[in-house]
Amino acid sequence: MQTINIDQIKPASDAVQAAHKAWIDAGGREGWLRNNRPSDAVGRDRAEKATGRARERYEQALIALAETTRLVIARAESE
């Protein structure tokens, strides 16, 4: 039976979790501005852009996790 070393996957998983938290936090800030400072168009625009960038980083981290997992599984299968 093949064994997968989770230590090889954990850094990518941690990166996904951190990126997800950053995305959620950015979205929270955006929502707060929308609800509490509707006249601050510049701030809302910046918050929207920050949320978009955070989402992109999250998606990139997910892709990296998937690729890392694929490589770790391939190594385990070849042993």
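For the structure, see preceding data.
Here the structure is a predicted model, which means the values were calculated and not measured. (Residues numbered from 1 in each chain as written. Predicted model: local features only at pLDDT ≥ 70, side-chain atom pairs only at ≥ 80, totals over all residues. Heavy atoms only, no water.)

(A) Highlighting the overall build of the chain. Helix and strand counts for the chain stand at 2 helices and 0 strands. Here the C-alpha radius of gyration of the chain, 18 Å, is well above what a compact globule of 79 residues would show, namely 12 Å. Along the three orthogonal principal directions, the C-alpha set of the chain runs to about 60 × 15 × 15 Å. Within the span of the chain, comprising 79 residues, buried residues form 22% of the whole. Partitioning the contacts of the chain with sequence separation of at least 6, the portion at a separation of at least 24 is 79%. Roughly 5,800 Å² of accessible area belongs to the chain as shown, and the carbon and sulfur atoms make up 54% of that amount. Between the mean site of the 13 positive side-chain charges and the mean site of the 12 negative ones, the chain shows a separation of 8 Å. (Helix = DSSP H or I, 4+ residues; strand = E, 2+ residues; numbered from the N terminus. Rg over C-alpha atoms; globule rule 2.2 N^0.38 Å. Buried < 20%, exposed > 50% of the residue type's maximum accessible area, 1.4 Å probe, protein only. Contact = heavy atoms within 4.5 Å. Areas by Shrake-Rupley, 256 points an atom, 1.4 Å probe, with all protein chains shown as cover. Lys, Arg positive; Asp, Glu negative; His and termini not counted. Charge placed at Lys NZ, Arg CZ, Asp CG, Glu CD.)

(B) Looking closely at the nonpolar core. With 8 residues, the main nonpolar core is built from I9, A12, V16, A19, Y58, A61, L65 and V72. Those elements that place two or more of their residues in this core are α1 (10-36) and α2 (41-78). It is α2 that provides the largest number of residues to this core, a total of 4 residues. Leaving out residues up to four positions away in the same chain, A61 has contacts with A15, V16 and A19. (Core = buried A, V, L, I, M, F, W, Y, C linked by side-chain atoms within 4.5 Å.)

(C) Just the environment of E59, in detail. With respect to the element layout, E59 can be found in helix α2. In this structure, the C-alpha to C-alpha distance between E59 and A15, residues 44 residues apart in sequence, is 11 Å. Polar contacts involving the side chain of E59 include one to the side chain of R55, which spans 2.9 Å. (Polar contact = N/O pair within 3.5 Å; in protein donor to acceptor, adjacent residues only side chain to side chain.)

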